[in-house]
Amino acid sequence: MKILCSISQSNLVNHSSSLSYDFKFSTHYSRYQKSFLCTLFNSKNGSKINVSCYSSRKNSVSCKLETSETEIGVRGRKKTLHVPNKTKIVAPEPGGAPVVSDKGGGGSVRAPLKVPRGKKDGSWLLKGFSRKALAALSNLPLAIAEMFAVAALMALGTVIEQGEAPDFYFQKYSEVNPVLGFFTWRWIFALGFDHMFSSPVFLGTLILLGASLMACTYTTQMPIVKVAKRWSFAHSPEAIRKQEYSDTLPRASIQDLGIILMGAGYEVFLKGPTLYAFKGLAGRFAPIGVHLALLLIMVGGTITATGSFRGSITVPQGLNFVMGDVLEPSGFLSTPSETFNTEVHVNRFYMDYYDSGEVSQFHSDLSLFDINGKEIMRKTISVNNPLRYGGITIYQTDWSLSALQVMKDDAGPFNLAMAPLKVNGDKKLYGTFLPVGDTDSTNLKGISMLARDTQSVVLYNQEGKFAGIRRPNSNLPIDIDGVKIIVLEAIGSTGLELKTDPGVPVVYAGFGFLMLTTCISFLSHTQIWALQDGTTVVVGAKTNRAKAEFSDDMNFVLDQVPEIVPPPSSTQTDHVSG
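The structure presented is a predicted model; accordingly, all values stated were derived computationally and were not measured.

**Student:** Lay out a nonpolar patch on the surface with the relevant residues and their values.
**Tutor:** A cluster of nonpolar side chains, namely V179, L180, F182 and W187, defines an oily patch on the protein surface of about 440 Å² accessible area. If you trace the backbone, V179 turns up in the loop between α4 (166–172) and α5 (185–191).

**Student:** Go over unusual backbone geometry, please, and point to the residues and values.
**Tutor:** The peptide bond linking G412 to P413 adopts the cis configuration, its omega dihedral lying at 10°. Phi is positive for D409, close to 50°, though the residue is something other than glycine. Positionally, D409 belongs in the loop between β20 (392–408) and β21 (411–417). When its relative accessible area of 42% is taken as the criterion, D409 is described as partly exposed. A positive phi is found at D481, a non-glycine position, where the angle reads about 55°. As for its position among the elements, D481 is in the loop between β27 (478–480) and β28 (483–500).

**Student:** With reference to specific residues and values, describe the confidence of the model for the protein.
**Tutor:** For the protein, per-residue confidence averages 80 on the pLDDT scale, and 76% of positions sit at 70 or higher. Overall, residues 29–33 carries pLDDT values under 50, and its contacts beyond four positions in sequence, including any with other chains, amount to 3 contacts. Below pLDDT 50 for its whole length, residues 69–115 participates in 84 contacts with residues either more than four positions away or in separate chains.

**Student:** Describe the side chain of R470, with residues and values.
**Tutor:** Along the chain, R470 falls in strand β26 (residues 466–470). One buried charged side chain, R470, makes no salt bridge at all; its nearest oppositely charged neighbour is D479, positioned 9.7 Å away. Within the local environment of R470, its side chain forms a polar contact with the backbone oxygen of L476, the two atoms lying 3.3 Å apart. The residues touching R470, leaving out its near neighbours within four places in the chain, are S456, V457, L459, L476, P477, I478 and V487.

**Student:** If you had to explain the packing of helix α6 (residues 200–229) against helix α9 (residues 282–307) to someone new, which residues and values would you point to?
**Tutor:** Their axes nearest at 9 Å, the elements α6 and α9 cross at an angle of 160°. Compared by their axis directions, α6 and α9 come out roughly antiparallel. Relative to α9, the crossing made by α6 is left-handed. Along the lines of polarity and charge, the residues of the contact of α6 with α9 split into 16 nonpolar, 6 polar and 2 charged.

**Student:** Break down the packing of aromatic side chains for me, with residues and values.
**Tutor:** The full count for this structure, using the stated rule, is 18 aromatic pairs. Consider the rings of F269 and Y276, whose centres lie 6.5 Å apart with planes at 25°: the pair is stacked. Taking relative accessible area as the criterion, Y276 reaches 1% and is therefore assigned buried. Feature note: the residues F168, Y169, F170, Y173, F182, F183, W185, W187 and F189 constitute an aromatic cluster, connected by ring pairs. In this structure, R348 is placed above the aromatic ring of Y350, and the distance from its NZ or CZ to the ring centre is 4.2 Å. When the ring centre of W399 is taken as origin, the NZ or CZ atom of K428, which lies over that ring, is 4.4 Å away.

**Student:** Tell me about the pattern of salt bridges, residues and numbers included.
**Tutor:** Scanning all chains against the criterion turns up 9 salt bridges. The partner of K428 in a salt bridge is D398, and the shortest N-O contact between them spans 2.6 Å. Of the two residues, K428 sits in the loop between β22 (419–420) and β23 (430–436) while D398 sits in strand β20, which places them 30 residues apart along the sequence.

**Student:** Tell me about helix α11 (residues 504–520), and name the residues and values.
**Tutor:** Its 17 residues place the ends of α11 24 Å apart at the C-alpha level, agreeing with the 24 Å of an ideal helix rising 1.5 Å per residue. V507, G510, L514 and T517 are the residues of α11 that are buried. Around the axis of α11, the buried residues are gathered within 100° of arc, so they sit on the same side. Seen from the buried face of α11, the exposed residues on the opposite side, beyond 90 degrees, are P505, Y508, M515 and C519. Looking at the buried side of α11, the elements it contacts are α9.

**Student:** Hey, could you go over the nonpolar core for me, with residue numbers and the actual values?
**Tutor:** Formed by 23 residues in total, the largest nonpolar core has its most connected members in L404, I447, M449, L459 and I485. Only β16 (343–353), β20, β23, β24 (445–451), β25 (457–460), β27 and β28 provide two or more residues apiece to this core. Excluding anything up to four places from it in sequence, L404 contacts F414, N415, L416, M418, T432, M449, V457, V487, E489 and A490. Membership of the second largest hydrophobic core comes to 20 residues, among which are I528, V537, A541 and L558.

Cut-offs applied
- Residues numbered from 1 in each chain as written.
- Predicted model: local features only at pLDDT ≥ 70, side-chain atom pairs only at ≥ 80, totals over all residues.
- Heavy atoms only, no water.
- Patch = residues over 30% accessible without salt bridge, like charges linked within 9 Å, V, L, I, M, F, W, Y side chains within 5 Å.
- Areas by Shrake-Rupley, 256 points an atom, 1.4 Å probe, with all protein chains shown as cover.
- Salt bridge = Lys/Arg side-chain N within 4 Å of Asp/Glu carboxyl O.
- Helix = DSSP H or I, 4+ residues; strand = E, 2+ residues; numbered from the N terminus.
- Buried < 20%, exposed > 50% of the residue type's maximum accessible area, 1.4 Å probe, protein only.
- pLDDT = per-residue confidence, 0-100.
- Contact = heavy atoms within 4.5 Å.
- Lys, Arg positive; Asp, Glu negative; His and termini not counted.
- Polar contact = N/O pair within 3.5 Å; in protein donor to acceptor, adjacent residues only side chain to side chain.
- Axes fitted to C-alpha atoms, helices over the stretch in contact; angles between N-to-C directions.
- Parallel < 35°, antiparallel > 145°, perpendicular 65-115°, else oblique.
- Left-handed = near helix turned anticlockwise from the far one by under 90°.
- Nonpolar A, V, L, I, M, F, W, Y, C, P; charged D, E, K, R; others polar.
- Phe/Tyr/Trp six-rings, centres within 6.5 Å; stacked < 30°, edge-to-face > 60°.
- Lys NZ or Arg CZ within 6 Å of the ring centre and 35° of its normal.
- Expected span 1.5 Å × (residues − 1).
- Arc of directions from axis to C-beta.
- Core = buried A, V, L, I, M, F, W, Y, C linked by side-chain atoms within 4.5 Å.

Here it is in structure tokens:
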């Protein structure tokens, strides 16, 4: 910091050029107190001027000017120069205007300060913090740790059941028998692991990983691309020979080399005796594309976790339901649409079977009705063949038996509700009961009916003994304990799952872009420099991939450059003609 003090004699004496002064100048600088003292003393009249400056905060310098009141005689007349006792001058950095304040009561003059813009609004602090934050986020070990954290949370989300009722977690992760000795339902609810993929822990880790990808792209990949886009000529053979590959072509032309390189797919630039060529620049852009694709996938997953709806329902054949009554929001960004008012009617449910009798496929014939009751769509869905309408997808996921329709002694039909029974394994079994006799009796007896699917029904008498098997819709009666029974139909229920997923297009686009940019990233970015040195061409090149085969590729290209044959000399021509 430089301080320039200028004191004019005319400021001390009013029109007294005939007076003579003998000023003595002394300075003192204190390194530790960051102060500077300048003293001017007139030995003839005893007047003294002290200028003390010290460094204050905010990159400014404060100065105090102290003078002594002095009586000066001029030609027998006494004139008094009145100078304020203390004057404070605050000098900012170069470019700013000083502020002068008069403490002696003589008024004050305040000039506007011109502080540099960056210093005034504190943006320099923000820039410094931004640089440090970018450097920390672009740290490779941090990014790897974030990826492992996301993978661990995703794995944990597949182990812990998602979206279950609180009682389920109370029982399975009880405090009496904690998992791993400490993990209970309290951890699950505190961290939101019952809805892992929309929990603050998972979304926060995902956001941090996305920030690291963007920081890496900004601080590493983009500068590499900028450098790769710059092309310059090499003007010395020594600089060319320092490249990864270098060779010399005697009796060659740099123009011929340029033509050969253009035929090999290079972009060629010629300037006098120098040449620059490159190809595969897209390979430099590919890492940026890979990062953007990963960001798209994460954004799509976040939209799915925070802005989707999901619900499931089991509907008997012939009944209706409204989509909005089934769908439940999964996050704070979930917003319903007008499609939620659509009504779904199950026209028919049926199943296909293997030759062994096992269920192979099940189908649901569905009709969609708008709010006015008009049918707007009809489709038969099955497993892996969903219905899509207005951003809502209806999947066929399950089935069950809801009722058994029978005739009893030619009366009816009666719909007997069927209930699922617990059996070992994954097999399904449903049962119902047809009362016989006095229904008000405390010792009620009846006929039991069991069914595994809609193909057949097994009947038992009042004693629980096997009575026979009947196929629905066969209209074949069976007599059990004097009661004539005809099994008309086994009414099935379709298990449907409804889902809205606005993030799916973004995720699909991200994966497609990821595959494309990953393939592009395998392209080698090759640069070639050449210089015509007399009849010799000096060639140098480098690449970022496939370095083992690079020398062979360059040799193949350079072997195609034609050799210049010098014309025969005049003496040789005369000798041949003689």
